[in-house]
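# Survey of secondary and tertiary structure
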Amino acid sequence: HKHQIIQRKMKLEIWLAKANGGGNITIDLIYEGKTLDEIASQIDRDQEEIFYYMNTGDTKKQQCFCFQGMMIRKAGIQAIRLSEADF
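Below: a short report on this structure. (Residues numbered from 1 in each chain as written. Predicted model: local features only at pLDDT ≥ 70, side-chain atom pairs only at ≥ 80, totals over all residues. Heavy atoms only, no water.)

## Things to note about the side chain of Asp58
Structurally, Asp58 can be placed in the loop between α1 (36-56) and β3 (64-67). Among buried Asp, Glu, Lys and Arg side chains, Asp58 stands out as unpaired, with Lys60 the closest opposite charge at 5.4 Å. Not counting residues within four places of it along the chain, the set of residues in contact with Asp58 comprises Tyr52, Tyr53 and Lys74. (Helix = DSSP H or I, 4+ residues; strand = E, 2+ residues; numbered from the N terminus. Buried < 20%, exposed > 50% of the residue type's maximum accessible area, 1.4 Å probe, protein only. Lys, Arg positive; Asp, Glu negative; His and termini not counted. Salt bridge = Lys/Arg side-chain N within 4 Å of Asp/Glu carboxyl O. Contact = heavy atoms within 4.5 Å.)

## A short note on the packing of aromatic side chains
Here the structure, examined in full by the defined rule, presents two aromatic pairs. Between Tyr53 and Phe65 the ring centres are 5.8 Å apart and the planes differ by 80°, which places this aromatic pair in the edge-to-face class. Linking Tyr53 in helix α1 with Phe65 in strand β3, this pair joins segments that are 12 residues apart in sequence. Each member of the pair, Tyr53 as well as Phe65, is classed as buried. Members of the aromatic cluster, each reached through a chain of ring pairs, are Tyr53, Phe65 and Phe67. Sitting above the plane of the Tyr52 ring, Lys61 keeps its charged end 4.2 Å from the centroid. Lying over the aromatic face of Phe65, Lys74 brings its terminal NZ or CZ to 4.8 Å of the ring centre. (Phe/Tyr/Trp six-rings, centres within 6.5 Å; stacked < 30°, edge-to-face > 60°. Lys NZ or Arg CZ within 6 Å of the ring centre and 35° of its normal.)

Pasting the structure below:
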């Protein structure tokens, strides 16, 4: 039998420093997996990477976040919020 793919929509919001053009970016993300746990661990992994960067400002390890093929340069980010999508 075929496995059901579960999707969970999340919203990624990024606020940029004025030096980097200011303003904010909103990206709709769709996490996919076979179980809710699998999806939750993908989201946790992304949140941990965001948290690590916001705490340390470390761009040496990795200069970009990659969310489902969308590359986001870390430098110049003021704030990031990953939340349940309201769509």
